Amino acid sequence: MDIVMRQQDGAVIIYLKGRLDAITSSQFDSYVSTIFENINKLVIINLSGLEYISSAGLRSMLAFAKQLKSKDAKIVFAELKGSVKDVFRISGFYTIFEIVENESDAIKLTV
Amino acid sequence: MIILVIIFAFPTISFSSQDVTLKKMKFVLQWLPQGQFAGYFVGFEKGYYRKHGIDLEIINGGPDISPAQYLKEGKADISTMWLSTAIQKRAEGLNIVNIAQMFQRSSLLIVTMKKSGIKTPKDLHDKKVSIFDGDFAIQPKALFRLLNITPQLIPQSATVNLFLRGAVDATSAMRYNEYHTILSSGINEDELTVFSFNDYNLGFPEDGIYVTEGFIKQHRDLACAFVKASIEGWSRAFANPDEAVDIVLKYMKKAGVPANRSHQRWMIMKIKDVIIGNNDTNIGLLSKDSYQMVINELFKAQLIKRMTTYEDFYRPCK
Amino acid sequence: MQIDFLKSKGIAFRLCLVFSVCGALVFSLIILTNYLYSRQKTEEQINKEVNATVSSAINKVESVLNAVEKVPENLAMFFEKNRFEEHEIKDILCETLKRNPEIFGLSIAFEPNKFKKDRVYAGFYCFRKKKEIVFEQYGSDSDKYFYQDWYQLAKELQSPQWSEPYFEEQTIMSSYSVPLYRNVDSKRQLIGIIVADISLEWLSDIVQSIKVFQTGYAMLISQNGTIVTHPNRKLIMNETFFSIAEEKNDLKMRDIGRQMLRKDSGQFDNADIFDTKAHVYYSKIPSNEWRLIILFPSEEMLQDIKKLNLIVVTLAITGIAMLSLMSLYVAKTITRPLTNLSDITEQIGKGNLEIEMPEIQGNDEVARLSDSVSKMRFALKDYIAQLTNATIAKERIESELRIAHDIQMNILPKTFPPFPDKAEFDIFAMIEPAREVGGDFYDFYLLDGDRVCFLVADVSGKGVPAALFMSVTKTFFKVFANNAQMPHHLLDAVNSELSENNDSAMFVTVFCGILHYKTGELYFANGGHLPPVLVRKDTPPTFIEMPDGVVLGVFRDYKYETAKIRLQKGDKLILYTDGVTEAMNDKNELYDSKRLINCLKITSHMSIQDITKNLMRDVRVFTEGAPQSDDITVLCIDFKEQ
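Residues numbered from 1 in each chain as written. Chains lettered and ligands numbered in written order. Predicted model: local features only at pLDDT ≥ 70, side-chain atom pairs only at ≥ 80, totals over all residues. Heavy atoms only, no water.

What to know about a nonpolar patch on the surface
Residues and elements named next belong to chain C.
Thought 1: Judged by side-chain polarity, F13, L17, V21 and L25 come together as a nonpolar surface patch covering roughly 340 Å² of accessible area.
Thought 2: You can see F13 is positioned in helix α2 (residues 10-81).
Thought 3: F13 sits in the partly exposed class, given a relative accessible area of 34%. (Patch = residues over 30% accessible without salt bridge, like charges linked within 9 Å, V, L, I, M, F, W, Y side chains within 5 Å. Areas by Shrake-Rupley, 256 points an atom, 1.4 Å probe, with all protein chains shown as cover. Salt bridge = Lys/Arg side-chain N within 4 Å of Asp/Glu carboxyl O. Helix = DSSP H or I, 4+ residues; strand = E, 2+ residues; numbered from the N terminus. Buried < 20%, exposed > 50% of the residue type's maximum accessible area, 1.4 Å probe, protein only.)

If you want it as C-alpha cells, here you go:
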C-alpha cells in the first residue's frame with residue numbers, strides 16, 4: 001500500500017492507494033503516528049486510490065479518529081469508491097464520520 | 001646348396017688356372033697410368049690375363065716413351081697406340097699390326113668459351129687456337145684445311161692453362177681428360193662450345209692394340225688371349241666403375257701421378273662411350289671405312305707416302 | 001573444461017601454475033633474446049677475427065710473392081738493355097739466386113734463334129740442389145721448353161704470370177714468368193722468358209698455421225681451383241675444389257667454388273663443404289689470384305652459444321622451480337588458514353558452535369576474515385540462544401492460543417438442531433476459523449414470548465485481542481439478551497459496555513434478530529454488519545433492507561434502530577460475516593455478494609444444513625487453496641413450513 005501526504009491550507013491530506021488490510025493497517029498506524037505532530041485542525045483522508053478495506057483497516061481509521069479527537073482535530077473522508085464505499089456504509093461510518101464526495105469540499109471545512 | 005657350389009667352385013677355377021704354364025708378356029701403355037687404360041689394369045688386378053695363360057707385365061708410358069719404339073726394339077710384346085700413329089709407323093716401315101681397335105671413335109674436341117662468340121669451327125679463323133702437338137694435330141689441321149680457314153695455332157702442352165687464363169680463344173681437349181679438367185676448374189658445360197671431330201667426318205678411332213707381325217706369326221693365340229682378357233677387363237671396369245677407379249688410382253699413385261676420383265671416373269665413363277658406343281657386339285672391331293678415312297687423311301696431310309691395305313694392317317682374332 | 005579443472009585445483013595450485021607459466025614465458029623470451037644476441041655477437045667477433053687473420057695472412061704471402069716477383073722483373077730490365085754470353089748469363093742467374101734465398105731456381109729461356117742466330121734452343125737454369133747451386137742448360141727437339149705452360153702463359157698473355165702449382169721432387173712449386181722484350185729494328189720483340197721457381201712450402205706453412213679458435217682452419221686453392229694446401233694432404237694437387245664437389249655430387253659446393261674464383265672476397269654462412277657445416281670466408285691473393293679460404297665449423301661457433309644457453313636454461317629452470325616453490329609457499333600460508341577457516345565454518349554450519357578458533361597473527365585479510373568468522377560464531381551462538389528462547393516462547397503462546405481457540409470454539413453452540421422441540425423454526429450454523437484465533441462468533445437464545453434471538457458478529461482484527469474482545473462481547477450479549485425487548489436495546493446496551501475504556505478502538509459488527517416464531521415477525525438491528533439474505537420460494541434471494549447502524553464498541557452513546565419484516569412460512573434467512581464475501585482467491589479476486597446470491601439461488605430449495613455446507617464449499621472452491629485469512633461464519637434460520 002502507498003501512503004502519500006500533503007498539506008494545504010492548514011489541512012493534512014493523506015492519500016491511500018492499494019489495500020488496507022490486517023497487514024497494511026499497521027503500516028498506516030505507524031505512518032500516522034509519525035505525522036501526528038504536523039496535524040493541526042483537519043485531516044482529509046482521500047480514499048480514491050483505495051481498492052479494499054478490511055475490518056482491521058476500519059479499526060485503524062477509528063483509532064486514528066480517536067487520537068485526533070484528543071487533539072480536537074477533525075477527520076474527513078473523501079472520494080470513496082466501490083467496495084470501500086460499501087464497507088463504510090455497512091459499518092455505519094457514514095453516520096458517524098464526515099464523508100464528502102470531493103477533496104476540495106473537504107478543504108472548505110477548514111474555514 | 002647353391003652358395004656351397006659357388007664357394008667350392010671359385011677356388012677350383014683359380015687353382016686350375018694356376019696349373020697352366022703361364023707365358024710371359026710385356027705390355028707397354030702409350031701414356032702414364034690413368035682411366036684411359038682402366039680395362040687393362042682391372043684385367044690385371046682381377047687375374048684375367050693369368051686366366052688366359054698370360055703372365056703380364058705392364059710398362060707405363062709417358063712423354064719419353066714411344067710404344068712403337070718399344071715394340072721395334074723388343075722391349076715390349078704388345079702395346080696400345082693411336083690408329084693414326086700406328087698407320088704412320090707402319091708406313092715408316094715398322095711392321096706392326098692391329099689386333100683390336102678398342103676406341104672406335106674420336107675423343108678429340110676443340111673447346112671454346114661461349115662468350116668468345118665462336119659458334120662454328122669456321123669462326124675459328126684468325127683466332128688463337130692451342131692444339132696438341134704431333135698426332136693430335138692431324139685432325140684439327142685436316143679440319144682447318146677442309147674449312148679453308150687459318151687460325152693462329154699455338155702449340156699446346158699437356159695442360160689447358162692457356163685456355164683457362166684466356167691466352168687462347170680455343171683449345172684442343174680430349175673429352176675424357178682435358179675437357180673434364182676445364183670443368184674441374186670451375187667452368188660449367190653450358191659456358192662452353194664444343195666441336196667434336198666425329199661430327200666433321202674426322203672421327204679417327206684412337207687406342208688400339210698392336211703387336212709386331214713377327215709376334216703374331218709366332219704367338220697368335222697369346223695375342224688373342226690378351227685381347228680377350230682385355231675385353232673382359234674393360235667389361236668389368238664399366239660394370240663396376242668404383243672398383244675400376246680404385247684400381248686405376250692405385251696405379252697412378254704408384255707412378256706418382258696426381259689423381260682424383262672424379263676425374264678418373266669421368267674418364268672411364270667417357271671411354272665406355274667410345275669402346276661400347278651404341279653396340280657392344282663390335283668391341284675391338286676396326287671397320288674398313290674408318291681405316292680408309294684415317295689413312296686418306298694421313299696421305300692428304302703428306303704424313304705417309306705409302307698405304308698398307310686394311311687386310312695387312314688389321315689382323316683381328318677369330 | 002580446462003577452467004573447471006583449474007578451478008577444482010585450489011588457489012595454491014593455480015597461483016603456482018600461473019607464476020610458473022609466466023616465469024617460463026619471461027625466461028623463454030630472455031633465452032631467445034640471449035641466444036640471438038650472443039649468436040650475433042659471436043658471429044661478429046668471429047667475422048672480425050677471421051677477417052683480421054685473412055688480411056694478415058694475405059699480407060704475409062703478398063710480401064713474399066712481391067719480393068720474388070721483383071727478382072725476374074729486375075732481371076728482365078737488365079737483360080732488355082744488355083746482351084750476354086753464356087758464362088755471363090750463368091753468373092748473373094746464379095749470383096742473383098744466391099742473394100735471394102726464397103727463390104729455388106732462376107732461369108732464362110730464349111725464343112728460337114734469339115740468343116744466337118743459329119741456336120734454336122737456349123735455356124739457362126740456375127737452381128739449388130741440396131746446398132749447392134747448380135747451373136744447367138736445356139732445350140732440345142725432345143725438350144721444346146717454349147711449349148711449356150710457364151713459357152707460353154707469359155708469352156701469350158704478354159705479361160708476368162704465376163704458374164699453376166706443380167710438383168717437383170715432392171715439393172709444391174710455382175713459377176713466376178716474366179716476358180723479356182727487346183727493341184729490334186724499332187720493333188718490340190719477345191726475346192724470351194725469365195722465370196723464378198719457388199717452393200711453396202713456406203706458403204703451406206703460413207696457411208696451415210692459421211687457426212681460428214679451436215677448429216677453424218685455412219686452405220689455399222689456385223686459379224683453377226686446385227687444392228694447394230689443406231689439412232688433408234691427400235687432396236693437395238690431386239683434387240680441385242670442383243672435383244671434390246663432383247665426387248660428392250654437390251652442385252652447391254661447385255657454385256660456391258665458382259663464386260670464390262669470380263670474386264675477390266666474400267663469405268658463405270653454414271656452407272656444407274669439406275664434410276662439415278662451416279662459415280666459409282675467402283679472399284684473393286692479389287699476385288697470383290689464388291684464393292685463401294678459411295673454414296670455421298659452425299659447430300664450434302654454436303658450441304659456445306650452446307654452452308651459454310645451457311647455463312641460461314639451467315638458471316631459468318632453477319628460477320622457475322624456485323618461483324613455483326615460493327609461490328606455492330606463499331599461497332599455502334594464505335590458503336592454510338583459509339582451509340582451516342573453511343573447515344571451521346563447515347563445522348559451524350553443521351551446528352558445532354563450540355569449535356576452537358585458531359590463533360591468527362597479523363592484520364591481513366585472512367586475519368580479518370578469521371576475526372569475522374569468530375564474531376559470526378558468537379553472533380550465531382547468541383542468535384540461536386535467542387531464537388531458542390523465542391521459539392519456546394512462541395510455542396508456548398501458540399499452544400496457549402490453540403487452547404484459547406479451542407475454548408473459543410467450544411463456547412459457540414454446536415448442537416444442531418438446537419431446539420428440536422420447536423417445530424416452527426430451525427437454526428443451523430457453521431464457522432470455519434482462520435489459522436489464527438479469530439473474532440467471529442454467532443449465538444442464539446430462546447426468549448420468553450415465543451421468541452428466539454440470533455446474532456452473527458465479527459470482531460475487528462485477529463489474534464488474542466480479537467478473541468478476548470469476542471468473548472467479552474458474546475458474554476455481554478448473553479447477559480443483556482434476556483432483558484432486551486427489541487434488538488436495538490440489546491445493541492445499545494452491549495455497545496455502551498464495550499465502548500467503556502476501549503482505547504485500542506476495537507469494534508465489533510453485529511447483526512442481531514429476534515424472531516416471533518409463532519407469527520413470523522422478525523425484528524432486527526444492525527451494528528455495521530453485512531445485510532443477511534432472504535431466501536423465499538419463487539423469489540430470487542435478496543439482501544434485506546437494514547437500518548443504519550455503526551459498529552459496536554466505538555461510539556458509546558450511539559442509538560441503534562430496529563427494523564421489522566414479516567417472514568412467510570418457508571422463508572430462510574442467511575447470515576454471514578465478511579469472511580464469505582471477502583474470501584480471496586490467488587488472483588486477488590473477492591468472492592463478493594454477487595457470487596453469494598448466485599450460490600444461494602442454486603441452493604434455495606435445500607435444507608439450511610445443505611445451504612450452509614454448499615456455501616462453505618463454494619467459498620473453498622473459489623479460494624482454491626489460497627490461505628484463509630479470516631473466519632468464515634454462516635448462520636441460517638429457517639421459518640419452517642411445517
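Let us keep going from here.
Considering the state of the cysteines
Thought 1: Tallying each qualifying case throughout the model produces two disulfides over all chains.
Thought 2: The disulfide bridge from B:C224 ends at B:C317, spanning 1.9 Å between sulfur atoms. In this structure the cystine formed by B:C224 and B:C317 twists about its S-S bond by roughly -100 degrees; its chirality is therefore left-handed. Residue B:C224 is located in helix α9 (residues 213-239), and its partner B:C317 is located in the segment after α13 (310-313); the two are separated by 93 residues in the primary sequence. B:C317 carries the same exposure label as B:C224, and that label is buried.
Thought 3: A disulfide bridge connects C:C94 with C:C126, and the sulfur atoms are separated by 1.9 Å. On the sign convention where negative is left-handed, the bridge of C:C94 and C:C126, at about 110 degrees about the S-S bond, is right-handed. Residue C:C94 is located in helix α3 (residues 86-99), and its partner C:C126 is located in strand β2 (residues 122-129); the two are separated by 32 residues in the primary sequence. (Disulfide = S-S within 2.5 Å.)

A closer look at the interface of chain C and chain A
Thought 1: Chain C puts 25 residues into the contact, and the matching count from chain A is 20 residues.
Thought 2: Summing both sides of the interface, chain C and chain A together bury roughly 1,700 Å²; the carbon and sulfur share of this comes to 65%.
Thought 3: Of all residues in chain C, C:F507, C:F555 and C:E582 give up the largest surface area on contact with chain A, accounting jointly for 24% of the area buried on that side.
Thought 4: Our count for the chain C to chain A interface comes out at zero salt bridges.
Thought 5: At the boundary of chain C and chain A, one finds four residue pairs in polar contact (both at pLDDT 80 or more).
Thought 6: Looking at the side of chain C that touches chain A residue by residue, the class counts come to twelve nonpolar, eight polar and five charged. (Contact = heavy atoms within 4.5 Å. Buried area = accessible area lost by both parts, 1.4 Å probe. Polar contact = N/O pair within 3.5 Å; in protein donor to acceptor, adjacent residues only side chain to side chain. Nonpolar A, V, L, I, M, F, W, Y, C, P; charged D, E, K, R; others polar.)

Concerning helix α1 (residues 22-35) of chain A
Residues and elements named next belong to chain A.
Thought 1: In this model, α1 (14 residues) spans 21 Å end to end at C-alpha, consistent with the 20 Å of a helix rising 1.5 Å per residue.
Thought 2: Those residues of α1 not exposed but buried are T24, S25, F28, V32 and I35. Projected onto a plane normal to the axis of α1, the buried residues spread over an arc of 105 degrees and lie on a single side. Along α1, exposed side chains directed more than 90 degrees from the buried face belong to I23 and T34.
Thought 3: Those residues of α1 hidden inside the fold are in contact with β1 (2-8), β2 (11-20), β3 (42-53) and α2 (55-71). (Expected span 1.5 Å × (residues − 1). Arc of directions from axis to C-beta.)

Overview of empty space enclosed by the protein
Thought 1: One pass over the structure, following the stated rule, counts one cavity of 30 Å³ or more.
Thought 2: Empty space within the largest cavity amounts to approximately 180 Å³.
Thought 3: In terms of lining, the largest cavity is formed by 15 residues, of which the most central are A:V87, C:T509, C:G528, C:L530 and C:D578.
Thought 4: The residue inventory of the lining of the largest cavity, partitioned by class, reads six nonpolar, six polar and three charged. (1 Å grid on protein atoms, 1.4 Å probe; cavity = no way out; pocket = protein on both sides within 12 Å on 5 of 7 lines; lining within 4 Å. Points joined across faces, edges and corners; volume = space filled by probe spheres on them.)

With respect to the confidence of the model for chain C
Thought 1: Put simply, chain C has an average pLDDT of 86, and 98% of its residues get 70 or more.
Thought 2: Taken together, the chains of this predicted complex give a pTM of 0.60 and an interface ipTM of 0.84. (pLDDT = per-residue confidence, 0-100.)

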